[in-house]
Amino acid sequence: ATAIADTVGCWVRLYDEAVNILWFQAVGDGVTDDVDSFNVAIDILTVLGGGVLFVPAKTFAVGNSNPGAVSTYDRWAIKFSTGNDNIEIRGAKGSKIFLLAAANAVTIMIGKLTSTYESVHNIKISGLEIDGNRTNQDAPLDTTKHYAGIQVCHNSTRIILEDLYIHDCQYY
């Protein structure tokens, strides 16, 4: 912490550089589900008007954030919703996001494909390995749908995907 708040015993972090996913209780052991850490970090960056989420060289396992969803389009792990604009997820060399067994979800969803589209703007994802863990996922009930490593939805703009290794997803 870099500043003391007016309330006794509280700290306020004054920081204008990248925030680290580990600050949001992510473990990065390849087993523990770190999906809530990613989604909370994205929401916090949204409140701050955007920024960079740094992912260190560890393996971060993620599960389905919306497990009760019936539609394939509503099954995701990490999600950028309307308003989650101006955010970059930047991985260090050796950083990996691994979809947990039976997650049956898109690993990173940018926007949403439904009758009411959610659009997102100014997103950059770079320097990550994304492992869809294909052999441990179930096929969607609707064979015209699929679970991708990254899915960018209608009306989203200025989406940059750079220096990524996406593999073993159900579909690419």
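Residues numbered from 1 in each chain as written. Predicted model: local features only at pLDDT ≥ 70, side-chain atom pairs only at ≥ 80, totals over all residues. Heavy atoms only, no water.

### Regarding the overall build of the chain
Okay, so step 1: The number of helices and strands found in the chain is 1 helix and 15 strands.
Okay, so step 2: Going through the 172 residues of the chain one by one, you find that 48% of them count as buried.
Okay, so step 3: Residue pairs at least 24 apart in sequence account for 78% of intrachain contacts in the chain once pairs closer than 6 positions are excluded.
Okay, so step 4: Only carbon and sulfur atoms are counted for the fraction: they give 52% of the accessible area of the chain, which is about 8900 Å². (Helix = DSSP H or I, 4+ residues; strand = E, 2+ residues; numbered from the N terminus. Buried < 20%, exposed > 50% of the residue type's maximum accessible area, 1.4 Å probe, protein only. Contact = heavy atoms within 4.5 Å. Areas by Shrake-Rupley, 256 points an atom, 1.4 Å probe, with all protein chains shown as cover.)

### Re the nonpolar core
Okay, so step 1: Core analysis: the biggest nonpolar cluster contains 29 residues, and Phe38, Phe80, Ile108 and Ile125 have the highest contact counts within it.
Okay, so step 2: Taken together, the elements giving at least two residues each to this core come down to helix H1 (35-47), strand S5 (51-55), strand S6 (59-62), strand S7 (76-80), strand S8 (87-91), strand S9 (96-99), strand S10 (106-110) and strand S11 (121-126).
Okay, so step 3: No other element matches H1, which puts 5 residues into this core.
Okay, so step 4: Setting aside its immediate chain neighbours within four residues, isoleucine 108 contacts Ile78, Phe80, Ile97, Ile125, Ile130, Gly149, Ile150 and Gln151.
Okay, so step 5: Formed by 5 residues, the second largest nonpolar core is a distinct cluster that contains Val106, Met109, Leu113 and Cys153. (Core = buried A, V, L, I, M, F, W, Y, C linked by side-chain atoms within 4.5 Å.)

### Re the sheet that holds S11
Okay, so step 1: Read from one edge of the open sheet, 5 strands run S3-S5-S8-S11-S14, paired in parallel fashion. Each having just a single partner strand, strand S3 (19-20) and strand S14 (157-162) make up the two edges of the open sheet.
Okay, so step 2: Relative to S14, S11 runs parallel, the two being bridged by 5 bridges. Paired with isoleucine 125 across the two strands is leucine 161, which belongs to S14. (Pairing = 2+ DSSP bridges.)

### Section: the sheet that holds strand S12 (residues 129-131)
Think of a sheet as strands paired side by side through backbone hydrogen bonds, with each pair either parallel or antiparallel.
Okay, so step 1: Ordered in space as S4-S6-S9-S12-S15, the 5 strands form an open sheet in which the pairing is parallel. In the strand order of this sheet, the two ends are held by strand S4 (29-33) and strand S15 (165-167), each with one partner. Across the sheet, the mean angle from the axis of one strand to that of its neighbour is 20 degrees, orientation sign disregarded.
Okay, so step 2: As defined by bridge partners, S6 adjoins S9 across 4 bridges and the pair is classed as parallel. Its bridge partner lying in S9, threonine 59 is registered against lysine 96.
Okay, so step 3: With respect to the sheet, H1 is in contact with S4, S6 and S9, its orientation differing from that of S6 by roughly 90 degrees. (Axes fitted to C-alpha atoms, helices over the stretch in contact; angles between N-to-C directions.)

### Observations regarding the side chain of aspartate 131
Okay, so step 1: Here aspartate 131 is to be found in strand S12.
Okay, so step 2: Among the residues examined, aspartate 131 registers a relative accessible area of 9% and is labelled buried.
Okay, so step 3: Leaving out residues up to four positions away in the same chain, aspartate 131 has contacts with Lys96, Ile97, Phe98, Leu99, His167 and Asp168.

### Quick word on the pairing of S8
Okay, so step 1: Counted residue by residue, S8 has 4 buried out of 5 residues, so it is predominantly covered.
Okay, so step 2: Sheet topology note: the S5/S8 ladder contains 5 bridges and is parallel. Bridge pairing in S8 places valine 52 opposite glutamate 88.
Okay, so step 3: In this sheet, S11 lies alongside S8 in parallel orientation, the contact comprising 4 bridges.

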